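Observations on chain architecture
Listed below are the residues making up each chain.
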Amino acid sequence: MRKVVKKTLRYAASFLLIVTLNFALPRLMPGDPVKNLIGEDVYVSEAVMEELRIEMGLNRPLYEQFTAYIGDLLMFDLGYSYHLHSPVAEVLRERIGWTLLFVGVSVLLGAALGTLLGAYAGWKPETKANRLLCYGFITLSCTPPYFLALLCLHIFAFKLGLFPFKGFYDVPTLGSVMHHMFLPVTVMALFSASRNFLIMRGSVIQEKGQLYALYARAKGLYDISILFRHVIKNASLPIITLLALDFGFLFSGALFTEIVFSLNGMGTLIYDAIMGKDYPVLQGAFLVIALTVLLANMLADLLYAIADPRVRRPT
Amino acid sequence: MMQREVYLQKNTRQWKDFIANYLDLDVRKYKRALKKFNRGGLFLFAFFLILALFPSLFAPYSPTERFISYEAPSTVHLLGTNDIGNDILSELIYGARISMMVGFASACISTLIGLMIGLCSGYFRGTLDELLMGFTDVVLTIPKIPLIIILGAFLHPSIWTLILVLGLLSWESIARVVRSKTLQLRESGYVKSARCMGFSSFHIMISDIFPNLIHVLLPKFMLATASAMISETSLSFLGLGDISMKSWGIMLSFAFSRGGFIRDMWWWYIPPGICITLCVMSIALIGFGFEGREKENEKRGVDAE
């Protein structure tokens, strides 16, 4: 019970920290906070700026601003983007669905691929094929994700013409979406798999030296069934933690992949926001991404409790 | 002595013995030490390090010298020229220094912070430990790259802010590792006896615990360098890098945004990408090598002295 309280406290603290960061950044950074809140490239006269300052409450004390900010957040009001001429919350709502779909599919694919290959490579680490596999995945994990995306785009879309260059679909049918998503999802899945692979391999190498694996062998089980019935369950526990911790990392990898493939998701939104110095959109995007990652972490904690009975049982 | 000389003259081909005898330098000892690392990684790393230290020896031109722009590779320009007519090969060679500097500097910062937090929370335990580790967990859940993107957008891009931000945001895993090792070390005999003799906690941490942490810190340091380099290229790709200091990431970003990709100039964007991958890989391989050795030591019980 104490552990649950501690976890909840930590999540609450993370949430608070994220919100506070988001509140404090435009006000603490060098430059005029009004400029920081509306975006740098927006040209307004001095009088309008004073008006905005009063309207946003920037002349009031900080704690009042903070309560007002929390109030706005509860109403899903993330500010107004003067570049896109629409509320930030609306812009984000349009974009995040696609990105979540993209990240979700590639994380799941990557986890499955990485776990299975990693388990196999860890079971027989000395064979030549597995060593090659290991080096291949190390190389993949050392490549910046967008470079991999660039290479794939160059080879498969430009040279061979197998896949379209950009966008989610030509016509909104499942086939078209799948055709467009194939390359980006493959890149992201490979990237995610490379991280899972290395952890899984190490974990299986460690687990197969345990006594229960020896006992299973003494009982006369086949190699494959030892691996898949006994070892893999214990070895995949670190993967769940890693998946949660990595979710943020993969999410950011997805942003870059989106930019390369010109997918209309969060990544291109953030790219345009950086180019136009559109701070409200950037902040909103950070808040949404951070909260998504937080949720993914919670989910992983729950999953961990389901997968590992030792966590559930009070000790 | 005479016998030795005769023996050596008979076996002149064994130059290792020869060097060992005359120069008082046992090559085999170094070779044994070398075997413990990942040799491929070490050689690659040495190659990039030399490039970074002495770029002027290898680069055919200065990176700011201008020629005809958008030229294809030829014998004059081995990798062609970019949009403003700089020689790409020279740019590539000069970029090594900047990319590696960002990686190492920010890894230094993060290792230092992680070391201090991990050491304090592992040594003092109790409430301080709970607080510090709670804080570490909280920071760990915040996605790094988006936060760095925001910070980079607000602060004006320069290489120093990049180093500082990357260093300040990636110390958590180091802190955790240091803490768990410190927890283990503080129960060992020599730490206990040092405490009995009345040394201050600070002294014990510095002179008894810290030397035993180095072999856990080194691989973590290498891996932190590798990930900082990848983060740097990613940020440069978004245009948040320092344009006056052309790192590999900025080269890639320029190739993408200034027409290298559309014009199918593979010689512009593939070499920096491959350089980043190889350099990061060499550093990561050295890190993995350290870690592997560490595990072997644990198995043999070297730590349990």
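Residues numbered from 1 in each chain as written. Chains lettered and ligands numbered in written order. Predicted model: local features only at pLDDT ≥ 70, side-chain atom pairs only at ≥ 80, totals over all residues. Heavy atoms only, no water.

1. A few points about the overall build of chain B
Scanning chain B from terminus to terminus reveals 14 helices and 0 strands. Secondary structure elements in chain B, listed N-terminal to C-terminal, are α-α-α-α-α-α-α-α-α-α-α-α-α-α. Sorting the 305 residues of chain B into buried and exposed places 50% on the buried side. With an accessible surface of roughly 15000 Å², chain B has 65% of that area assigned to carbon and sulfur atoms. (Helix = DSSP H or I, 4+ residues; strand = E, 2+ residues; numbered from the N terminus. Buried < 20%, exposed > 50% of the residue type's maximum accessible area, 1.4 Å probe, protein only. Areas by Shrake-Rupley, 256 points an atom, 1.4 Å probe, with all protein chains shown as cover.)

2. Description of the overall build of chain A
Secondary structure assignment for chain A yields 14 helices and 2 strands. Counting every position in chain A, which comprises 315 residues, the buried fraction comes to 47%. Here the contacts in chain A between residues at least 6 apart in sequence split such that 70% fall between residues at least 24 apart. Summed over its atoms, the accessible surface of chain A is roughly 16300 Å², and 68% of this surface lies on carbon and sulfur atoms. (Contact = heavy atoms within 4.5 Å.)

3. Some points on the packing of helix α11 (residues 237-260) of chain A against helix α13 (residues 279-307) of chain A
Residue and element names in this part refer to chain A. Relative orientation of the contacting elements α11 and α13 amounts to 160 degrees, with a least axis distance of 9 Å. In terms of orientation, α11 and α13 fall into the roughly antiparallel class. The two elements α11 and α13 cross, and the hand of that crossing is right-handed. Contacts from L237, I240, T241, A244, L245, F247, G248, F251 and L255 of α11 reach α13 at I289, T292, V293, A296, N297, A300, L303, Y304 and A307. When grouped by side-chain class, the residues that make up the contact of α11 with α13 number 14 nonpolar, 4 polar and no charged. (Axes fitted to C-alpha atoms, helices over the stretch in contact; angles between N-to-C directions. Parallel < 35°, antiparallel > 145°, perpendicular 65-115°, else oblique. Left-handed = near helix turned anticlockwise from the far one by under 90°. Nonpolar A, V, L, I, M, F, W, Y, C, P; charged D, E, K, R; others polar.)

4. Points about the nonpolar core
Counting residues in hydrophobic clusters, the biggest one holds 141 residues, and the most contacted among them are I270 and L282 of chain A together with I149, I209, L213, L238 and W248 of chain B. If you look at the next biggest cluster of nonpolar residues, it comprises 12 residues, including A213, A216, I226 and A235 of chain A. (Core = buried A, V, L, I, M, F, W, Y, C linked by side-chain atoms within 4.5 Å.)

5. Considering the side chain of S194 of chain A
Residues and elements named next belong to chain A. Looking at the element boundaries, S194 is found in helix α8 (residues 174-207). Among the residues examined, S194 registers a relative accessible area of 0% and is labelled buried. Ignoring anything within four residues of it in the chain, the contact list for S194 reads F137, L140 and S141.

6. A closer look at helix α12 (residues 201-237) of chain B
All names here are of chain B. The end-to-end C-alpha distance of α12, which contains 37 residues, comes to just 46 Å, noticeably less than the 54 Å that a straight helix rising 1.5 Å per residue would cover. Residue F210 marks the point of greatest curvature in α12, where the axis turns by about 50 degrees; the proline P211 follows within four residues. A positive backbone phi angle near 85 degrees is found at G239, which sits one or two residues after α12. (Expected span 1.5 Å × (residues − 1). Bend = angle between axes of the 7 residues up to and from the residue.)

7. Points about the interface of chain A and chain B
Taken together, the 49 residues of chain A in the interface contact 43 residues of chain B. Overall, the association of chain A and chain B removes approximately 4300 Å² of surface from exposure, summing both partners, and the carbon and sulfur fraction of that is 79%. Joining chain A to chain B, the criterion identifies 2 salt bridges. For D137 of chain B, the salt bridge is made with R10 of chain A, and the minimal N-O distance between the two is 2.6 Å. Taken together, the connections running from chain A to chain B amount to 4 residue pairs in polar contact (both at pLDDT 80 or more). (Buried area = accessible area lost by both parts, 1.4 Å probe. Salt bridge = Lys/Arg side-chain N within 4 Å of Asp/Glu carboxyl O. Polar contact = N/O pair within 3.5 Å; in protein donor to acceptor, adjacent residues only side chain to side chain.)

8. Quick look at the environment of L269 of chain A
All names here are of chain A. In this fold, L269 is placed in helix α12 (residues 266-275). Considered as a pair, L269 and R10 are 259 residues apart in the sequence and their alpha carbons are 31 Å apart. When sequence neighbours within four positions are dropped, the list of residues in contact with L269 reads L84, V91, L92, R95 and V281.

9. Points about helix α10 (residues 172-185) of chain B
The end-to-end C-alpha separation of α10 of chain B is 20 Å, in line with the 20 Å expected for 14 residues at 1.5 Å each. All of the buried residues in α10 of chain B are E172, I174, A175, V178, K181, T182 and L185 of chain B.

10. A few points about the pattern of salt bridges
Note that side chains of opposite charge can pair when their charged atoms are close. Residues and elements named next belong to chain B. Under the criterion given, the structure shown has 11 salt bridges over all chains. R179 is the partner of D129 in a salt bridge, and the nearest nitrogen-oxygen pair spans 2.7 Å. Of the two residues, D129 sits in helix α7 (residues 126-141) while R179 sits in helix α10, which places them 50 residues apart along the sequence. Among the charged side chains, a salt-bridge network with shared partners connects R125, R186, E187 and K192.

11. Points about the packing of aromatic side chains
Centre-to-centre distance and the angle between the planes together describe a pair of aromatic rings. Residues and elements named next belong to chain B. In total, this model carries 13 aromatic pairs over all chains according to the counting rule given. Their ring planes at 65 degrees and their centres at 5.4 Å tell us that F47 and F48 sit as a pair that is edge-to-face. By relative accessible area, which is 46% here, F47 ends up partly exposed. Classification of F48 as buried rests on a relative accessible area of 2%. (Phe/Tyr/Trp six-rings, centres within 6.5 Å; stacked < 30°, edge-to-face > 60°.)

12. Here's the deal with unusual backbone geometry
The bulk of non-glycine residues show a negative phi, and the bulk of peptide bonds are trans. Despite not being glycine, S262 of chain A shows a phi value in the positive range, around 50 degrees. Notably, R125 of chain B is not glycine yet its phi reads approximately 50 degrees, a positive angle. In this fold, R125 of chain B is placed in the loop between α6 (88-124) and α7. A residue is classified by how much of its surface remains accessible, and R125 of chain B, at 37% relative accessible area, is partly exposed.

13. Some thoughts on a nonpolar patch on the surface
Residue and element names in this part refer to chain B. Together, L49, I50, L53, F54, L57 and F58 line one region of the surface with nonpolar side chains, adding up to about 580 Å² of accessible area. Taken together, the elements giving at least two residues each to the nonpolar patch come down to α4 (39-53) and α5 (55-58). Examining the composition of the nonpolar patch, we find that 3 residues originate from one element, α4, more than from any other. The residue F58 is located in helix α5 in this model. F58 sits in the partly exposed class, given a relative accessible area of 41%. (Patch = residues over 30% accessible without salt bridge, like charges linked within 9 Å, V, L, I, M, F, W, Y side chains within 5 Å.)

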